[in-house]
Every structure is written in structure tokens, then in C-alpha cells.
Amino acid sequence: MVQSRARTCVSRGCRRELDADSNSRRGFYTADAYARERAASAAPPRGELLFASCRSGERLAEGVLSAYRRLAGSEVGEYLPALDFSFQDKETCARLDRDVHGADVYLFQSLHNPTREDPVDQNTMALLVAAHTLREWGARHVTAVLPYLAYARQDKPTRFQREPTTARLVADLLMTSGIERVVTWHPHSALARGFFRRDSLVALDPLGFFLERYREFDGHDDVVVVAPDAGAAALASYFAGALKVRHAMALKRRPVPGEAQITEVLGDLRGARTVIILDDIIASGGTLHALVRHISERWDVAEVLVGASHNLCLEAGYERLNDLHRNYRLREVLVTDSVPQTDEFRALPFLREESIAERLARAVNAAHYEQPLAGLFSSDPLQGRGEQMQTRQAASA
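Residues numbered from 1 in each chain as written. Predicted model: local features only at pLDDT ≥ 70, side-chain atom pairs only at ≥ 80, totals over all residues. Heavy atoms only, no water.

**Q** Just checking my understanding: could you explain helix 4 (residues 120-136) for this structure?
**A** Since the α-helix packs 3.6 residues into each turn, any two residues three or four apart lie on the same face. Over its 17 residues, helix 4 runs 24 Å from end to end, which matches the ideal 24 Å to within 8%, given 1.5 Å per residue. Residues Asn123, Thr124, Ala126, Leu127, Leu128, Val129, Ala130, Ala131, Thr133 and Leu134 constitute the buried set of helix 4. Summarising the contacts, the buried residues of helix 4 are in contact with strand 3 (84-86), strand 4 (92-94), strand 5 (104-108), strand 6 (141-145) and helix 5 (166-176). Looking one or two residues beyond helix 4, the residue adopting positive phi is glycine 138, at roughly 100°. (Helix = DSSP H or I, 4+ residues; strand = E, 2+ residues; numbered from the N terminus. Expected span 1.5 Å × (residues − 1). Buried < 20%, exposed > 50% of the residue type's maximum accessible area, 1.4 Å probe, protein only. Contact = heavy atoms within 4.5 Å.)

**Q** It is not clear to me how the environment of serine 200 should be interpreted in this structure. Could you clarify?
**A** Following the sequence through the fold, serine 200 ends up in the loop between strand 7 (181-185) and strand 8 (201-204). Setting aside anything within four residues of it in sequence, one finds serine 200 in contact with Met175, Glu180, Arg181 and Val182. Among the polar contacts made by the side chain of serine 200, one reaches the main-chain carbonyl oxygen of glutamate 180 at a distance of 3.4 Å. (Polar contact = N/O pair within 3.5 Å; in protein donor to acceptor, adjacent residues only side chain to side chain.)

**Q** Is there a simple way to explain the side chain of arginine 213 in this structure?
**A** Mapped onto the fold, arginine 213 is located in helix 6 (residues 207-213). A distance of 3.4 Å separates a polar atom in the side chain of arginine 213 from a polar atom in the side chain of glutamate 354. The contact partners of arginine 213, leaving out residues within four places of it in the chain, are Leu334, Arg352, Glu354, Ser355 and Arg359.

**Q** I would appreciate a short explanation of the sheet that holds strand 7 in the present structure.
**A** Sheets are built from strands paired through backbone hydrogen bonds, the pairs being either parallel or antiparallel. Strand order in this open sheet of 6 strands is 2-1-5-6-7-8, and the pairing throughout is parallel. Each edge of the open sheet carries a strand with a single partner, namely strand 2 (78-80) and strand 8. In this sheet, neighbouring strand axes are inclined to one another by 20° on average, regardless of whether the strands run parallel or antiparallel. Bridge count for strand 5 against strand 6 is 5 bridges, and the pairing is parallel. Note that in strand 6 the partner of phenylalanine 108 across the bridge is valine 145. Most of the contacts of helix 3 (residues 58-72) go to strand 1 (residues 49-53), to which it runs at about 155°, and overall it touches strand 1, strand 2, strand 5 and strand 6. Against the sheet, helix 11 (residues 357-368) makes contact with strand 1, strand 5, strand 6, strand 7 and strand 8, and its axis sits at roughly 155° relative to strand 5, the strand it touches most. (Pairing = 2+ DSSP bridges. Axes fitted to C-alpha atoms, helices over the stretch in contact; angles between N-to-C directions.)

**Q** Please clarify how empty space enclosed by the protein should be interpreted in this entry.
**A** Applying the stated criterion across every chain yields a total of 2 cavities of 30 Å³ or more. Reported here for the largest cavity is a volume of approximately 60 Å³. Residue classes in the lining of the largest cavity are distributed as 10 nonpolar, no polar and no charged. Its boundaries defined by the atoms lining it, the second largest cavity holds a volume of some 40 Å³. The wall of the second largest cavity is formed by Arg55, Ser56, Asp84, Gln109, Arg116, Asp118, Gln122, Asn123 and Ala126. Top contributing element to the lining of the second largest cavity by residue count: helix 4, with 3 residues. Broken down by class, the residue content of the lining of the second largest cavity amounts to 1 nonpolar, 4 polar and 4 charged. (1 Å grid on protein atoms, 1.4 Å probe; cavity = no way out; pocket = protein on both sides within 12 Å on 5 of 7 lines; lining within 4 Å. Points joined across faces, edges and corners; volume = space filled by probe spheres on them. Nonpolar A, V, L, I, M, F, W, Y, C, P; charged D, E, K, R; others polar.)

**Q** Is there a simple way to think about the packing of helix 8 (residues 286-298) against helix 9 (residues 315-327) in this case?
**A** Think of two packed helices as two axes; the pair is described by the angle between the axes and how far apart they sit. Close contact between helix 8 and helix 9 brings their axes to 9 Å; oriented N to C, the two are set at 15°. Considering their axes alone, helix 8 and helix 9 lie roughly parallel with respect to each other. The element helix 8 and its partner helix 9 pack so that their crossing is left-handed. The residues of helix 9 that touch helix 8, namely those facing Gly286, Leu288, His289, Val292 and Arg293, are Arg320, Leu321, Asp323 and Leu324. For the contact of helix 8 with helix 9, a count of residues per class yields 4 nonpolar, 2 polar and 3 charged. (Parallel < 35°, antiparallel > 145°, perpendicular 65-115°, else oblique. Left-handed = near helix turned anticlockwise from the far one by under 90°.)

**Q** I keep staring at the packing of helix 3 against helix 11 and nothing clicks. Help me out?
**A** Taken N-terminus to C-terminus, the directions of helix 3 and helix 11 make an angle of 70°; their axes are 8 Å apart at the nearest point. Looking at the two axes, helix 3 sits roughly perpendicular to helix 11. Both helix 3 and helix 11 take part in a crossing whose hand is right-handed. Of helix 11, the residues touching helix 3 (which contributes Leu60, Gly63, Val64, Ala67, Tyr68, Arg70 and Leu71) are Ala357, Glu358, Leu360, Ala361, Arg362, Val364, Asn365 and His368. Residue composition of the contact of helix 3 with helix 11, by class: 9 nonpolar, 3 polar and 3 charged.

**Q** Looking at this structure, I do not really get the environment of alanine 272. What am I missing?
**A** Among the structural elements, alanine 272 can be located in the loop between strand 11 (261-266) and strand 12 (274-282). Separated by 49 residues in the primary sequence, alanine 272 and valine 223 have C-alpha atoms spaced 5.5 Å apart. For alanine 272, the residues in contact, after removing those within four places along its chain, are Asp222, Val224, Arg246, Asp300 and Val301.

**Q** Explain the side chain of glutamate 354 to me, please; I cannot follow it from the model alone.
**A** When you line up the elements, glutamate 354 lands in strand 15 (residues 351-354). In this structure, glutamate 354 is in contact with Phe209, Arg213, Leu334, Val335, Thr336 and Asp337, ignoring residues within four places of it in sequence.

**Q** Explain the pairing of strand 1 to me, please; I cannot follow it from the model alone.
**A** Each regular strand displays side chains that alternate between the two surfaces of the sheet. Here strand 1 lies mainly inside the structure; 5 of its 5 residues are buried. Side-chain alternation along strand 1 places Leu49, Phe51 and Ser53 on one buried face and Leu50 and Ala52 on a second face that is also buried. Strand direction decides the pairing type here: strand 1 and strand 5, joined by 5 bridges, are parallel. Within strand 5, the residue paired with phenylalanine 51 across the bridge is tyrosine 106.

**Q** What should I look at first to understand the sheet that holds strand 12 in this one?
**A** The mixed open sheet is built from 7 strands, whose spatial order is 11-10-9-12-13-14-15. For this open sheet the edge positions go to strand 11 and strand 15, each flanked by a neighbour on one side alone. Neighbour-to-neighbour, the strand axes of this sheet turn through a mean angle of 25°, independent of strand direction. Alignment of strand 9 (residues 223-227) against strand 12, held across 4 bridges, turns out to be parallel. When the sheet's bridge partners are listed, valine 226 is paired in strand 12 with isoleucine 277. Each of strand 9, strand 10 (246-253) and strand 12 touches helix 7 (residues 233-243); the most contacted strand, strand 9, lies at about 160° to it. In the packing of helix 8 onto the sheet, the strands contacted are strand 9, strand 10, strand 11, strand 12 and strand 13 (303-311), and the crossing angle to strand 11 comes to about 55°.

The analysis is restricted to geometry; functional conclusions fall outside its scope.
Following this line, the structure appears as C-alpha cells:
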């Protein structure tokens, strides 16, 4: 009996010590406790989803957020608009209206926005300051969503000219500001990927987008796809292969900066009724103007259709597109909202603007839940042909 009581006292003493030890460790994580808490939590692995934008990117962010919530079927994702502002001396600053500690932030910015007066340089600085502010105040991840990647055309010096590789400089600045990853749409050059660390640049491919818009020409023997230069040749080739139509490529030279001359079109345009020209950017429209004139003056085509991922809404481009429509059988110009379109361009009767908000929303969703972005191209309107072509294109890039 005495022995039993002694054991009981010892047992109670141990229990009191264990309880005391448990109380002292309350709120202190162990590996097992942390694993149990994560398993029981429904929170995404990267933290709270948060949308944010600079002033120039507000329209972009609102469109993608709307698409994201429609796809999710709920009002997910809080939104912080217009993080940046300017002091009277024009210095850029940013301010947060709420705590962002531990958040997974997707920061939207239109680096080139012709609907506002701020130049590309100012919009880039606003992006850098806003990203730095988010990281300085505890954001776990910052992903920049930049549909039009400015400075990507400065990926190498002009031949025989002492010029910088500004695309690399901008990539370094983005990473230094605290941005972990950049999501962009059809950058000008595949070289852009090499300027970022590892997988920091997600470049969404436009092939599936163009296939959806031009699927009515699938298998037509009187349709020819033309690349305006060597840089667009790969896209035109894969697009024509998926659509089962002919393709050609223009040879271009620039006698002086800003002026383009088409010397020859490599390919067979005989019997073509419809010509589709695909490119990444419409800026001044010089190359496009020279190519459409060259084609319409040498071949009896009925119509020319142009598809471009980015329209910069420059005045010279406006004049040249109007001239091509009036005099050289340009029937339609298809562009996206990667760059906010001005009212002047939207009023053009032959210009068709398509939104890429849903594609960007799917990219944000995949990144937030740490899913492969390759899944964005899994459904193709032409029975998987575009997906196969994009896979080959990515492998060869």
C-alpha cells in the first residue's frame, strides 16, 4: 500500500512537471506541431492572396481581379489600388493602407500606358518603389504582372553602335527591388528569359490565343501566314503548322533608323486570298506598312488580317494603319489589352481589341497555388495541335 501511494505521488508529480513544461512551450513551434497545423489549415502555401497595383496598372489589375473572382466563384483576393504617388518635387513614393505581412502579392503595372501622361521610365520607377515597399513591410512574395515588358527590345546593341543592353539592367532592377517573379505576355525577344534568374520570368505564349481567334481558317489552302521579319518567323511557322495553312517570311532592312524596307517575301503566295500577318508589337507601324504594301502591290489578295500582341497606340502607327485600311486591303487588326488602348484607336472600325485578363488570372492562380504554368495551355481549340506546337517551341527556345 505504501509502495502504491508512493508511485501515485511520483506519477502526479511527473504529470505536474509535464503540464508545467507544456505551458512553458505554449506558442513555441515544434516540427510536429507545425506540420499538424499546416495540415489542418486551408490556407494556400504561399500565404494570403493579395492583388495590388500602381496607378498606371489599375485598369489592368481590376480586369484580372474580376476574371479571377469569376473563375473562382467567390470574392477572393483583397485589392490594394494605386500604391504609388508623387511628391511636389516629382519624387516617387508608395504607401500601404493595410498590413501585408506574410502575403503573396501580385503587383500589376502597365509600364507603357498611352491613356496616361506618365512615361515608361516613371511607371517603371513606380513599380520598383511599390515592390520594395511591399517587401520592406513583410510581404512574403511579390510577383510583378507586366503584360507588356518595356525595354525588352533593347536586348542587344544595334549593330556597329555603342549601345547598352538595357533589358538586362531592367531585369536586375526588378529583382533587386524584391520582385521574385515577373509574369509577362509575349515578350519581344526570347533573350529576355536569360536576363532573369532561373525561372523568374514567366512568358505567356500567344500561340493558343491566335489559334482561337483565327480558327475559321483551319485547313484553307488559300490562306498564307506571313512573318514580318525573322524575329516573328517561329510564331508564324508554328501557327501555320497548327492551322494547316501555308506560311512565308519577309526579308527586311532598315536604311535609316525608324524606316523599314521589305526586299523580298520568302514563300509561295500564289492563289492566296487571305494573308494573316502575326507580330508581337505595333509601334510606329513602319514594318507593317511596308509589308502590307509590298504584298498588295504584287499579289492579288482579297484581304490582309493583322494580329499583334501589343499595340503601343503611337500617332505614327495610327496614321499608317488608316492608310493601309483605305488603300491596301487591310481588313482587320487584332490586338490585346496588354497595353491600355486609347479612345482614338478603339474608335477605328477595323481594330478589334481582345482581353487577356482571364489568361493572366489563370497564371496568378497557378503561381499562388504552386501549380505548373504549363497547364494554361492544356485546352486548345484545334484538338491539341497548338499545345504540341507550343511544347516544341518552348523546348527549342
